[in-house]
Each structure stands twice: as C-alpha cells, then as structure tokens.
Amino acid sequence: MEKISILGCGTMGHSIALSAAWAGQTVKVYGVNDKDLENAAKGLRSKLKVMAENGLFNEAKAERIKEHIHFSTSLAEVVEGATLIIEVIPEVLELKKEMYKKLEGMVGEEVVIASNTSGFKPSLLAEEMDHPNRFVVTHFWNPAHLIPLVEVVKGARTDEATVERAMNVLTAMNKKPILLNKELPGFIGNRLQYALFREAQALLDSGAATKEDIDAAVTYSIGRRLPITGPLMTADMGGLDVFSAISNYLFEDLSKAERSGEVLTKLVEEQKLGDKNGEGFYKWGSDISEKINAEREQTLIYFLKNDMKLNGEDGK
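In this text the structure is predicted, and so the values were computed from the model without any measurement. (Residues numbered from 1 in each chain as written. Predicted model: local features only at pLDDT ≥ 70, side-chain atom pairs only at ≥ 80, totals over all residues. Heavy atoms only, no water.)

Student: Help me understand the overall build of the chain in this model?
Tutor: Of the regular secondary structure elements, the chain holds 13 helices and 8 strands. Expected size for 316 residues packed as a compact globule is a radius of gyration near 20 Å; at 21 Å, the chain falls within 12% of this value. With the principal axes as the frame, the chain shows a C-alpha extent of 55 × 45 × 45 Å. Burial statistics for the chain: of 316 residues in total, 38% are counted as buried. (Helix = DSSP H or I, 4+ residues; strand = E, 2+ residues; numbered from the N terminus. Rg over C-alpha atoms; globule rule 2.2 N^0.38 Å. Buried < 20%, exposed > 50% of the residue type's maximum accessible area, 1.4 Å probe, protein only.)

This is the structure in structure tokens:
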C-alpha cells in the first residue's frame, strides 16, 4: 500500500484525504498555517457528520476515518516516508513548479508526485523537474469525497510504472480512475462539461429560452440518463444511424463560440459571480444556497450508496 501525503488542505485537499482514509489508508495533509488546518478539520468533521447521518458509514467508522488523517504545517513532516504525494495547491503555474523543485530536494526519485490540477498539461508542469518520469496528473472532481471519477493524465515523459501506481492507489481508494491516452486542455470531463455550457450560453444569448427552462432541459431529460449511460452508449441505445443523421444536420448549427457568451461576460464585468457573492445567472441568498447545495449533496450520496451496494460494501 502506498503511503499518501497531500499538499494543500482546502476543500479538495481534505476531501481527497477523506476518500483515502475512508478506504483505510493513513494520510498526512500539509497546510500553510494553523488557520488553514483549523478550517480543514472543521470541513472534515462536517462532511463526516453528513455522511454518517446518511448511512454511508456509522459514527464509529467516522471516528476511525478521522484518526487516519494527520494535519501539519511542516512540509518536511508531511512528506517524510511518503511514496505518493498529491499536490493540491492553487492553480498558479509557477507556484506549482516551485513546489515540485522543493519536493525533489526532499524525497527520493522513486516517489510519485501527482497533481490535482484541473487544466495544466502534465508535460508543462513537469518541464523543470529532474525526474519527470515520476510525475502524473490525478484530477479529482469536487466534491472529491462523493464523486468517484479521477482523471489520470500522463505527460510525455511519464513512465508506465508511475501511471500504474497512480491507477492502483486510486482504485484502492474506491475511485473510478480513467486514463487519458494524450494530453488535452481540460482533460475529458471539463471538455464535455464546457461543450454543454457553451451551447447553454448560446441558447440564452439568443433568447431561445429562459435560463430556468434551459437548465430544466438538462435536469429533466439527459441529466436523468447520464448516471447510467454516457453519450456514446446513449447513441448505441438510440441507434447510430439516427445519431449520425442528427449530427450531420445539427452540428453545423451548434455554437462554435471561442469566448464566453454575452450574458456571462456582462455578469462577470458587473462582478455578479454567482453563489460566491449572491448573484449570477440566478440570485443567491443564504437560504437558497444552503438548499441547493444540500440537495446536490443528497443526490451525490444517493448515487454513491448505490455504487456501494453494487460493490457489496456495507459502510461499517
């Protein structure tokens, strides 16, 4: 079993740690200062409480999970003895490169260094490393403790042993790792997500429908199918002749925009950024924010519990 260390204790960092600890692995987590660690510990307790209340595991298991996670502001202490390090620091290229340089002076060349980046290509991140063969991207999705997918992306100089170790540790964490055969901006998940978002923006900008109806068109149709069948399997089930014919006449009419749409651009210019500050496409008061976030969390837990049943896990 790999000895896992996580660099960064924010929302993603402590959620990834929770996933590892839930699978029975002991994990060390680095935070910049005591305030960061306090916030991470608070977030961890909150997530464990909700998960226990919803029957993912009992309270005794929640306590055992918490005991498997060790927080520290000492980078040296966190990486000591680690065999696989997951970097979860801010998406600033130079900041990440500086961290890798520092790490290579602290750990042996056999230690795998992974990044949770959601956009940078691994070859770019590892271009100044002494041992880029041991570097790989492991992109977890938020909330990392509830969403199974992790995108594994190898760089031009990543060796197969590194990829295999990353895939194995993610599988041991009960995640669903997928491997990209080539480096692509946005990887797979974000490319699909933003293709849908681009068309949604185009429909809104053109006045084709209200924002509510555009969202409803997804949540009450394809959104209901997607947990079971992805786009390619859905096409198989609908008939490839039908999907090919529709593609041939519809693709030329779909949005080909290369920048954010008019409505989105205007909202950002006006600093209407969504849930984070009270208004975006929708208005967000504290009550509606808590309600929607809770509903999303409950839905993700429902699917995760179903996954556990399929895998024969008892949650104790």
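Now that the structure has been shown, the text picks up again.
Student: I'm lost on the sheet that holds strand 8 (residues 176–180) in this one. Help?
Tutor: Strands pair in a sheet through their backbones, by hydrogen bonds, and they do so in one of two ways: parallel or antiparallel. Reading across from one edge, 3-2-1-4-5-6-7-8 is the order of the 8 strands in this open sheet, with mixed pairing throughout. Each edge of the open sheet carries a strand with a single partner, namely strand 3 (69–72) and strand 8. If you compare each strand with its neighbour and ignore which way they point, the axes differ by 25° on average. Strand direction decides the pairing type here: strand 2 (residues 27–30) and strand 3, joined by 4 bridges, are parallel. In the strand pairing of strand 3, V27 is matched with I69. Lying on the sheet, helix 5 (residues 93–104) is in contact with strand 1 (4–7), strand 4 (84–87), strand 5 (112–115) and strand 6 (135–140); it crosses strand 5 at an angle near 165°. (Pairing = 2+ DSSP bridges. Axes fitted to C-alpha atoms, helices over the stretch in contact; angles between N-to-C directions. Contact = heavy atoms within 4.5 Å.)

Student: Explanation requested: unusual backbone geometry in the structure shown.
Tutor: Among all residues except glycine, the phi angle is most often negative; among peptide bonds, the trans geometry is most common. Cis geometry is found at the peptide bond from N142 to P143, where omega equals 0°. Of note, F187 is a non-glycine position whose phi angle comes to about 60°, a positive value. In this structure, F187 sits in the loop between strand 8 and helix 8 (189–206). The phi dihedral of Q271 is positive, around 60°, even though this residue is not glycine. Note on placement: Q271 falls in the loop between helix 12 (262–269) and helix 13 (286–310).

Student: Quick question: what am I supposed to make of the pairing of strand 4 here?
Tutor: Side-chain positions along a regular strand alternate between the two faces of the sheet. Across the two faces of strand 4 the burial is the same, with L84 and I86 and I85 and E87 all buried. As paired elements, strand 1 and strand 4 share 4 bridges and run parallel to each other. When the sheet's bridge partners are listed, S5 is paired in strand 4 with I85. In this fold, the crossover linking strand 4 to strand 5 by way of helix 5 has right-handed handedness. (Right-handed = clockwise from strand over helix to strand, strands pointing away.)

Student: Would you mind showing me how to read the nonpolar core here?
Tutor: Nonpolar side chains in soluble globular proteins tend to be buried together. Counting residues in each nonpolar core, the largest one holds 44 residues, and the members touching the most others are I6, W22, L56, F57, I86 and F140. Once you skip the residues sitting within four places of it in the chain, W22 turns out to touch M51, L56, F57, K61, I65, H145, L304 and M308. Membership of the second largest hydrophobic core comes to 22 residues, among which are L75, I85, L103 and I113. (Core = buried A, V, L, I, M, F, W, Y, C linked by side-chain atoms within 4.5 Å.)

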